[in-house]
Amino acid sequence: MADELIDVELHFAGPYRLLGAERSVFTAPEAARSGVYLWVVPSRSEPGWIHYVGETTNLFVTRCCEHLAEMSSGTYSIFDIERLRDGEPRCDLWEGHGWGKNSKEKVRQFREGWEALCEPLRSYIDSLEVMLGPMEVVGDCTKRVESALLSHLRSVGGTAADMVSEVRFKRYQPGDRRLRVRMSTARPLHGFPEQPLEA
């Protein structure tokens, strides 16, 4: 039955890195899978802060390449990594232009400011840890799991909770495969759910 509650185990492997050869996300065993993934900022004194939650029905390796391209073009915001380590939620060194109507002007500003932004961008990307949670992709299940985790993080506070204001949450609809997801992770994370989430 479509409404039957299905138990899912979702393990986030890693941490991996977006830059460099050591622990590279591009050579990770899970890189050729699809599912849900996390960007994590190592904290100074607590478990890591979840900085971003994403999902992909493409390969993780493909999505990571897309992210790097958007980061390097000014589409995404650039954050002060030292302040992120302290758990400060919004600390933009550059406010990304996204894909808005003023993007051409923002691209011009990004190019003009590249010399000053280059090193902070490198530090930001180099400091991020990536956790990969491969799962079977059926319909919109990855979007619903992503939304369930984001909703949980928003409820408990933390860096990620302030990063999701523009996310369009995907909710369970009658007829969907209803999921009860028990999540685990290879490293301690601030706000990570201890109980299963329904999606």
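Structure: see above.
These remarks concern the structure in this document.

On to the pattern of salt bridges. Taken as a whole and assessed by the stated rule, the structure comprises 12 salt bridges. Among the salt bridges present, the one from Asp126 reaches Arg122, with a minimum N-O distance of 3.9 Å. Of this pair, Asp126 and Arg122 both sit in helix H4 (residues 114–127), four residues apart, roughly one helical turn. What makes Arg122 partly exposed here is its relative accessible area of 38%. One salt bridge in this structure joins Arg187 and Glu129, with 2.9 Å as the shortest N-O distance. In this pair, Arg187 sits in the loop between strand E7 (179–185) and strand E8 (197–198) while Glu129 sits in strand E6 (residues 129–134), placing the two residues 58 residues apart along the sequence. The two residues Arg187 and Glu129 agree in class, both being buried. One network of salt bridges, in which partners are shared, links Arg17, Glu119, Arg122 and Asp126.

Applying the stated rule across the entire model yields seven aromatic pairs. In this structure an aromatic cluster arises from ring pairing among Tyr37, Trp39, Tyr52 and Phe60. The cationic tip of Lys106 hangs over the ring face of Trp94; the distance from NZ or CZ to the ring centre is 4.2 Å.

Rules used throughout
Residues numbered from 1 in each chain as written. Predicted model: local features only at pLDDT ≥ 70, side-chain atom pairs only at ≥ 80, totals over all residues. Heavy atoms only, no water. Salt bridge = Lys/Arg side-chain N within 4 Å of Asp/Glu carboxyl O. Helix = DSSP H or I, 4+ residues; strand = E, 2+ residues; numbered from the N terminus. Buried < 20%, exposed > 50% of the residue type's maximum accessible area, 1.4 Å probe, protein only. Phe/Tyr/Trp six-rings, centres within 6.5 Å; stacked < 30°, edge-to-face > 60°. Lys NZ or Arg CZ within 6 Å of the ring centre and 35° of its normal.

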